[in-house]
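# Observations on the model geometry
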Amino acid sequence: HGYTRVDDGSVVLSPADQATLDGMLLDRVLAKRERAWERSDELRQKLREAGVSVNDGESTYSLKPPAPPKPPKQSQPARPTHHGYTRVDDGSIVLSPADQATLDGMLLERLLAKRAREFAKADELRQKLRSAGVIIDDGANTYRVVPPEPPKPPQPARPTH
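Residues numbered from 1 in each chain as written. Predicted model: local features only at pLDDT ≥ 70, side-chain atom pairs only at ≥ 80, totals over all residues. Heavy atoms only, no water.

### Here's the deal with helix H1 (residues 15-33)
The first and last C-alpha atoms of H1 sit 27 Å apart over 19 residues, in line with the 27 Å expected at 1.5 Å per residue. Those residues of H1 that sit buried are Leu21, Met24, Leu25, Arg28, Val29 and Ala31. When H1 is viewed along its axis, its buried side chains cluster within an angular range of 165° and face the same direction. Away from its buried face by more than 90 degrees, H1 exposes Pro15, Ala16 and Arg33. Elements that come into contact with the buried residues of H1 comprise helix H2 (37-49), strand S2 (52-55) and strand S3 (60-63). (Helix = DSSP H or I, 4+ residues; strand = E, 2+ residues; numbered from the N terminus. Expected span 1.5 Å × (residues − 1). Buried < 20%, exposed > 50% of the residue type's maximum accessible area, 1.4 Å probe, protein only. Arc of directions from axis to C-beta. Contact = heavy atoms within 4.5 Å.)

### A look at the pattern of salt bridges
The full count for this structure, using the stated rule, is eleven salt bridges. The shortest N-O distance in the salt bridge between arginine 126 and aspartate 138 comes to 2.9 Å. Note that arginine 126 is positioned in helix H4 (residues 119-131) and aspartate 138 in the loop between strand S5 (134-137) and strand S6 (142-145), a separation of twelve residues in sequence. On the accessibility criterion, arginine 126 (31% relative accessible area) is partly exposed. Look at aspartate 138 and you get partly exposed, because its relative accessible area is 26%. (Salt bridge = Lys/Arg side-chain N within 4 Å of Asp/Glu carboxyl O.)

### Notes on the nonpolar core
Core analysis: the biggest nonpolar cluster contains twelve residues, these being Tyr3, Val11, Leu21, Met24, Leu25, Val29, Leu43, Leu47, Val52, Val54, Tyr61 and Leu63. When residues of this core are traced back to their parent elements, those giving at least two are H1, H2, S2 and S3. No other element matches the four residues that H1 contributes to this core. Once you skip the residues sitting within four places of it in the chain, tyrosine 3 turns out to touch Leu25, Arg28, Val29, Lys32, Val54, Asn55, Asp56, Ser59, Thr60 and Tyr61. (Core = buried A, V, L, I, M, F, W, Y, C linked by side-chain atoms within 4.5 Å.)

### Quick notes on the sheet that holds strand S1 (residues 4-5)
Strand order in the open sheet formed by three strands is S1-S3-S2, with mixed pairing between adjacent strands. Every other strand in the sheet has two partners, leaving S1 and S2 as the edge strands with one partner each. Relative to S3, S1 runs parallel, the two sharing two bridges. Across the sheet, the residue bridging to threonine 4 is threonine 60, located in S3. Together, S1, S2 and S3 form the strand contacts of H1, whose direction differs from that of S3 by roughly 145°. (Pairing = 2+ DSSP bridges. Axes fitted to C-alpha atoms, helices over the stretch in contact; angles between N-to-C directions.)

The following block contains the structure:
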């Protein structure tokens, strides 16, 4: 085929792989002589995919080490396990561990609803938290615990005439 290897030799080929490479280079030279450009380009692409870079002008080739395997892509982003909000009040209202766990769970559920674009659900959770005395600031990713709102007395029915 007339091509000379010009890389640093760090990629070692078995005799069988070298014979395959030499055969592909020879087939490519013959395809070019016969002006079978499509076949020549096809062989060049196969060589490139195998890590062989060919320089026709200088009649040289080089081998590059194979790239390390890429980690498998996740089909969906990892589900967060924490809501990312920070409490910023004075701490005068103390929550039991169970209440804090419930609060953390609702904040996380709201975050997941927002990410899933389920805004009605996120708004409903925000209102439930507000009714329980939790004020959320989404812009700052903070929350405050204040005394819960007292229930509103029922409005007397208006007489109808």
